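Below, each chain spelled out in residue letters.
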Amino acid sequence: MERRNHPNPDEEWDWRSRYPADLMRRFEVYFKTNSDAKTLPIREVKAAHIGKLTNVRGIVIRATEVKPMMSVATYTCDKCGVETYQPITSPSFNPLTMCSSDECKTNKSGGRLFLQNRGSKFTKFQEIKIQEHSDMVPIGNIPRSLTVYCRGETTRAATPGDHVSVTGVFLPMLKSGFRQLQQGLITDSYMEAHRVVKMNKTQEHEKDLGELTEEEMAMFAQKDFYDQLANSIAPEIYGHEDIKKALLLLLVGGVNRNANGLKIRGNINICLMGDPGVAKSQLLSYIDRLAPRSQYTTGRGSSGVGLTAAVMKDSVTGEMILEGGALVLADQGVCCIDEFDKMMDGDRTAIHEVMEQQTISIAKAGIMTSLNARVSILAAANPAYGRYNPKKSIEHNIQLPAALLSRFDLLWLIQDKPNHDNDRKLAEHITYVHMHSEHPPLKFTPIDMAAMRKYIALCQQRTPVVPTTLTDYITAAYVELRKESRRSSDTTFTSARTLLSIMRLATALARLRLGDIVESDDINEAMRLMEMSKDTLNASSETTFRKSKPSDAIYGIIVAMVSKKARGDSYSGVSVKMSEVQQRCVAKGYTPDQLKTAIGDYEKLNLWYTNASQTTLTFV
């Protein structure tokens, strides 16, 4: 066909010379820097780097849709039918109008050219905007941003919220016509991307999605790996064992349930409320560094629009677009909100929908849509009077709406109470950290962040289910919790959301041990964490059971159970089912091991005995 259309068919010629190289090329060429090349902050990219291959690092704050960009324009003449090709190398071009073929020149027919989209070549184009990390910003300055143009296979390599390393050529943004006269000698700049790689948040290397080594798997296969993982979270902070276990479950998360339009969230929300100086903000900053995807914000520095989404005008297309806030950027991650009590009431209501429905509904500037915000919220707040006042009720101390408190799966109240032994250990811990810049020696080697990220990612691949055999056990335990809340005068908002919280915590525990089925031990541990968080809110929790030994407290619980069945003051011959005893003790916050120890201790004292199958307990 090409030889027949040629004026001289017998002449030797190469048909490739007629077509531009960009039209026939089936590959893309990109460059990358050496492995030992230093990554520059965005602030350090200056005029000396124009036209050079540069490597920068930052967080993606905006990414446009991928659109086709014309690289070769193809025209067809309406007189002679000859195709004309125009390679495009600049942001704008002037279309060809007159045919330049030999036939039209000879006949002087003046054929006009018409653009053919089917014969033109388009490449993928995406504009992303990266911002420098907060730890790279000097004091008193705002973070700087850089526009990155991605073409071809470098598109869709990052989404808003990702930490990326971009290798590309730093270029000035040339304009033509009136805009060139208007801008004068100052030009905007951009980076032509050659390589976009996701990075870890704290380390200077690429995100490691590899598998765990045999040594790391052997470490996680130990019997007490649950305690080791929890104590490896912020080992520089003294105490707070149960809080660290709850934060570990927040990182792992539960399983989302989506069926026939019904959506039950699996993300766990936790609120830490306490006196000043109990390391709430340190825990939040550590979780922010540990989580693969997270955002850190404060109450006064955040508005409702900054948390959800803002409507802006796109500089490239001129359309109204949505730019996601902190909750959208932390999608499928953790959003840490410090000074939660200092937030304005109007801004705090923007979080209600996110905490339960996991979406953000927008109806602004003609844009009506719903954005995904599948995020776990970790909030830290101070009581209403700065410090917790035990002489006032919980409502006066917390002063947060009940609709918001019920959306938190766990609400921890951390009080700074004077205690001689505890204060001495805390002071020794703090002075050691201050002198050596590391945590004191522990009974085990703390697990590093990289191994914890790998294991958490491995846990999140599991989808454990609750077996039908545990249905009655969970139901009875929840009914017991409701009975306790009705009997006592506490206001810890025991509702149906409490039952869902127990299911989420139990599912996260099953994920943590890489199990596919939730077991009764997972339910017991979830209820123990729930009870421990409630006990921190009850002023009466200091008096009776918590200062006594667990065995004595469990004995008091069992005696209160059989007091109705006893004849007068005699408990002789009265029996009680072990399943009821276990449910009541777990609801009070005691573990099955503590229950087993208490029964054995008092059996040695000949106060009661159990049958051979361990199903009933009878008083002597």
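Quantities reported herein were computed from a predicted structural model and do not represent experimental measurements.

Digging into the overall build of the chain
(1) Moving on: Scanning the chain from N- to C-terminus turns up 22 helices and 22 strands.
(2) Moving on: Going through the 620 residues of the chain one by one, you find that 44% of them count as buried.
(3) Moving on: Long-range contacts, defined as pairs at least 24 residues apart, comprise 69% of the intrachain contacts of the chain with a sequence gap of at least 6.
(4) Moving on: Surface summary for the chain: the accessible area is close to 33700 Å², and the carbon and sulfur share equals 52%.

Let's talk about the packing of aromatic side chains
(1) Moving on: For the structure on display, the rule yields nine aromatic pairs.
(2) Moving on: With a centroid separation of 5.5 Å and 45 degrees between ring planes, the pair formed by Tyr 602 and Trp 608 is classed as tilted. Both residues of the pair, Tyr 602 and Trp 608, belong to the buried class.

Some points on a nonpolar patch on the surface
(1) Moving on: A surface patch of nonpolar side chains, about 420 Å² in accessible area, is lined by Phe 27, Val 29, Phe 31 and Leu 53.
(2) Moving on: Its location among the elements puts Phe 27 in the loop between α2 (21-24) and β1 (53-63).
(3) Moving on: Phe 27 sits in the exposed class, given a relative accessible area of 54%.

Topic: the sheet that holds strand β18 (residues 376-381)
(1) Moving on: With parallel pairing, five strands are arranged side by side in an open sheet as β12-β15-β18-β11-β19. Both edges of this open sheet fall to β12 (294-298) and β19 (410-414), since each of them pairs with a single strand only. Each adjacent strand pair in this sheet contributes to an overall mean axis angle of 15 degrees, direction not counted.
(2) Moving on: Sheet analysis places strand β11 (residues 270-274) next to β19, joined by five bridges and oriented parallel.

Notes on the packing of helix α20 (residues 550-562) against helix α21 (residues 578-587)
(1) Moving on: It is the contact of α20 with α21, at a shortest axis distance of 10 Å, that shows an interaxial angle of 125 degrees. In terms of their interaxial angle, α20 and α21 are classed as oblique. Handedness of the α20/α21 crossing: right-handed. Side by side, α20 and α21 meet where Ile 554, Ile 557, Ile 558 and Met 561 of the first sit next to Glu 580, Val 581, Arg 584 and Cys 585 of the second.

Structural notes on the pairing of β18
(1) Moving on: Within β18, six of the six residues are buried, which leaves the element mostly enclosed by the surrounding structure.
(2) Moving on: Bridging between β11 and β18 involves four bridges; their strand directions are parallel. By the bridge assignment for β18, Leu 272 is matched with Ala 380.
(3) Moving on: Relative to β18, strand β15 (residues 334-338) runs parallel, the two being bridged by four bridges. When the sheet's bridge partners are listed, Ile 337 is paired in β18 with Ala 379.

Comments concerning α20
(1) Moving on: Helix length check: α20 (13 residues) gives 19 Å between terminal C-alpha atoms against 18 Å at 1.5 Å per residue, within 8%.
(2) Moving on: Buried residues of α20: Ser 551, Ala 553, Ile 554, Ile 557, Ile 558, Val 559, Met 561 and Val 562, and no others.
(3) Moving on: Contacts from the buried residues of α20 go to β20 (575-577), α21, α22 (592-604), β21 (608-610) and β22 (616-619).

Considering the sheet that holds β21
(1) Moving on: Strand order in the open sheet formed by three strands is β20-β22-β21, with antiparallel pairing between adjacent strands. The open sheet terminates on both sides in strands that have one partner only, identified here as β20 and β21. Neighbour-to-neighbour, the strand axes of the sheet open up by a mean angle of 20 degrees, direction not taken into account.
(2) Moving on: The strands touched by α21 within the sheet are β20 and β22, with β20 carrying the most contacts at an inclination of about 65 degrees.
(3) Moving on: Lying over the sheet, α22 contacts β21 and β22, oriented at roughly 125 degrees with respect to β21.

Comments concerning unusual backbone geometry
(1) Moving on: You will see that Arg 156, though not glycine, has its phi angle at about 55 degrees, which is positive.
(2) Moving on: Within the secondary structure, Arg 156 is located in the loop between β6 (145-151) and β7 (163-172).
(3) Moving on: Here Arg 156 falls in the exposed class, since its relative accessible area comes to 58%.
(4) Moving on: With phi around 55 degrees, Leu 514 is a residue other than glycine that occupies positive phi space.
(5) Moving on: When you line up the elements, Leu 514 lands in the loop between α18 (496-512) and α19 (520-535).

Observations regarding the packing of α20 against α22
(1) Moving on: At their nearest, the axes of α20 and α22 sit 9 Å apart, and the two run at 80 degrees to each other. Here α22 runs roughly perpendicular to α20, going by the angle between their axes. Residues Pro 550, Ser 551, Asp 552, Ile 554 and Tyr 555 of α20 pack against Gln 594, Leu 595, Thr 597, Ala 598, Asp 601 and Tyr 602 of α22.
(2) Moving on: For the contact of α20 with α22, the residue count by class is six nonpolar, three polar and two charged.

What to know about the pattern of salt bridges
(1) Moving on: Counted by the stated rule, this structure contains 21 salt bridges.
(2) Moving on: With a shortest N-O distance of 3.6 Å, Asp 162 and Lys 198 are connected by a salt bridge. With Asp 162 in the loop between β6 and β7 and Lys 198 in strand β8 (residues 189-198), this pair connects stretches of sequence that are 36 residues apart.
(3) Moving on: Judged by relative accessible area, Lys 198 falls into the partly exposed class, the value being 35%.
(4) Moving on: For Glu 356, the salt bridge is made with Arg 497, and the minimal N-O distance between the two is 3.6 Å. Here the residue Glu 356 occupies a position in helix α12 (residues 350-357), and Arg 497 occupies one in helix α18, the gap between them amounting to 141 residues.
(5) Moving on: A relative accessible area of 25% means that Arg 497 is categorised as partly exposed.
(6) Moving on: A single salt-bridge network, built from bridges that share partners, covers Arg 265, Glu 356, Asp 409, Arg 497 and Arg 504.

A short note on the nonpolar core
(1) Moving on: Within the largest apolar cluster, 60 residues are counted, with the highest numbers of intra-cluster contacts made by Leu 229, Ile 270, Leu 378 and Leu 512.
(2) Moving on: When neighbours within four sequence positions are excluded, Leu 229 is seen to be in contact with Phe 220, Leu 248, Ile 447, Met 452, Tyr 455 and Leu 512.
(3) Moving on: Core analysis: the second largest hydrophobic core is formed by 33 residues, Leu 307, Ile 351, Ala 373 and Ala 379 among them.

Points about the confidence of the model for the chain
(1) Moving on: Summing up the model confidence of the chain, the mean pLDDT is 80 and the portion of residues at 70 or higher is 89%.
(2) Moving on: Ranking the elements of the chain by mean pLDDT puts helix α1 (residues 2-5) last with 50 and β6 first with 92.
(3) Moving on: Long-range and interchain partners of residues 540-547, a stretch whose pLDDT sits below 50, account for twelve contacts in this model, where long-range means more than four residues apart.

Parameters and conventions
Residues numbered from 1 in each chain as written. Predicted model: local features only at pLDDT ≥ 70, side-chain atom pairs only at ≥ 80, totals over all residues. Heavy atoms only, no water. Helix = DSSP H or I, 4+ residues; strand = E, 2+ residues; numbered from the N terminus. Buried < 20%, exposed > 50% of the residue type's maximum accessible area, 1.4 Å probe, protein only. Contact = heavy atoms within 4.5 Å. Areas by Shrake-Rupley, 256 points an atom, 1.4 Å probe, with all protein chains shown as cover. Phe/Tyr/Trp six-rings, centres within 6.5 Å; stacked < 30°, edge-to-face > 60°. Patch = residues over 30% accessible without salt bridge, like charges linked within 9 Å, V, L, I, M, F, W, Y side chains within 5 Å. Salt bridge = Lys/Arg side-chain N within 4 Å of Asp/Glu carboxyl O. Pairing = 2+ DSSP bridges. Axes fitted to C-alpha atoms, helices over the stretch in contact; angles between N-to-C directions. Parallel < 35°, antiparallel > 145°, perpendicular 65-115°, else oblique. Left-handed = near helix turned anticlockwise from the far one by under 90°. Expected span 1.5 Å × (residues − 1). Nonpolar A, V, L, I, M, F, W, Y, C, P; charged D, E, K, R; others polar. Core = buried A, V, L, I, M, F, W, Y, C linked by side-chain atoms within 4.5 Å. pLDDT = per-residue confidence, 0-100.

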